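Chain residues, written in single-letter form:
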Amino acid sequence: MTGAGVRRLGRLALGWRLLVTAAVVVTAAMGTLVGNDDWWPFAPMSQYAFSVRNDGVINSLGMDALTVDGEVVRVPLSKEKIGIERAEVEGQAPRIIRHPEILQDIAVLHSRRLPHEPAYRTIWLRNTQTRIRTGEVVVTTLATWEVRDPLHPRPTGIPGGAP
């Protein structure tokens, strides 16, 4: 399209646009081919979507807690609530299973960010498995932690835990 008021891009303008485009495409391709979740946002595209066969199973990690009031509640895994997303927990699940004391830091985050809510006494990392065809749900506890000093929890000191 040419006409009054329309200019063509100069060599420099065209060059930097091509360079940026090539860098994004190459980085996304490398993330998909050899990367892992640490490469976000250029991580493997499989982390964004998956399909499940009609006779398959869907696994969903989550956390529940027993409060000092004796009520079992769902741990609100979100940046807005306790400051950690469910996806972060999913990525750290093998580590949490090996070292359940990491769940102490969840109690710390909860007490700092939601001090008006009852403190956590016990925290469970659980997997909910749903069979597509039958709708059958099986909940498995993967890790359990009895919070030390629930009313005034302190961080574990484990690298990557609560500050």
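A.B. asks: Got a minute to help me understand the overall build of the chain in this structure?
C.D. replies: Within the chain, the regular secondary structure consists of 3 helices and 4 strands. Helices and strands in the chain line up, N terminus first, as α-β-β-α-α-β-β. Buried residues in the chain amount to 26% of all 163 residues. The long-range share in the chain, meaning contacts at least 24 apart out of those at least 6 apart in sequence, stands at 59%. Surface summary for the chain: the accessible area is close to 11,100 Å², and the carbon and sulfur share equals 58%.

A.B. asks: Looking at this structure, how should I read the nonpolar core?
C.D. replies: Within soluble globular proteins, side chains that are nonpolar generally end up buried alongside one another. In this structure, M63 and I123 are the most contacted members of the largest nonpolar core, which totals 22 residues. Those elements that place two or more of their residues in this core are β1 (57–67), α2 (86–98), α3 (103–113), β3 (120–131) and β4 (137–146). With 4 residues, the single largest contributor to this core is α3. Other than its neighbours up to four places away in sequence, M63 contacts V73, R74, V75, L77, V89, I96, L103, I106, I123, W124 and L125.

A.B. asks: Please explain the side chain of D105 as it appears in this structure.
C.D. replies: Within the secondary structure, D105 is located in helix α3. For the buried D105, no salt bridge exists, and the shortest N-O distance to an oppositely charged side chain is 6.9 Å, to R148. Among the polar contacts listed, one links the side chain of D105 to the side chain of T156, at a separation of 2.8 Å.

A.B. asks: Is there a simple way to think about the sheet that holds strand β2 (residues 72–74) in this case?
C.D. replies: Two pairing modes exist for strands in a sheet, parallel and antiparallel, and in both the strands are linked by backbone hydrogen bonds. Pairing within the open sheet is antiparallel, and its 4 strands lie in the order β2-β1-β3-β4. This sheet does not close on itself; its edge strands, each paired only once, are β2 and β4. Adjacent strand axes in the sheet meet at a mean angle of 30 degrees, parallel and antiparallel pairs treated alike. Pairing geometry for β3 and β4, over 9 bridges, is antiparallel. For I123, the partnering residue across the bridge sits in β4 and is W145. Here α2 sits on the sheet in contact with β1, β3 and β4, set at roughly 80 degrees to β1. The sheet strands contacting α3 are β1, β3 and β4, and the helix crosses β3 at an angle near 110 degrees.

Cut-offs applied
Residues numbered from 1 in each chain as written. Predicted model: local features only at pLDDT ≥ 70, side-chain atom pairs only at ≥ 80, totals over all residues. Heavy atoms only, no water. Helix = DSSP H or I, 4+ residues; strand = E, 2+ residues; numbered from the N terminus. Buried < 20%, exposed > 50% of the residue type's maximum accessible area, 1.4 Å probe, protein only. Contact = heavy atoms within 4.5 Å. Areas by Shrake-Rupley, 256 points an atom, 1.4 Å probe, with all protein chains shown as cover. Core = buried A, V, L, I, M, F, W, Y, C linked by side-chain atoms within 4.5 Å. Lys, Arg positive; Asp, Glu negative; His and termini not counted. Salt bridge = Lys/Arg side-chain N within 4 Å of Asp/Glu carboxyl O. Polar contact = N/O pair within 3.5 Å; in protein donor to acceptor, adjacent residues only side chain to side chain. Pairing = 2+ DSSP bridges. Axes fitted to C-alpha atoms, helices over the stretch in contact; angles between N-to-C directions.

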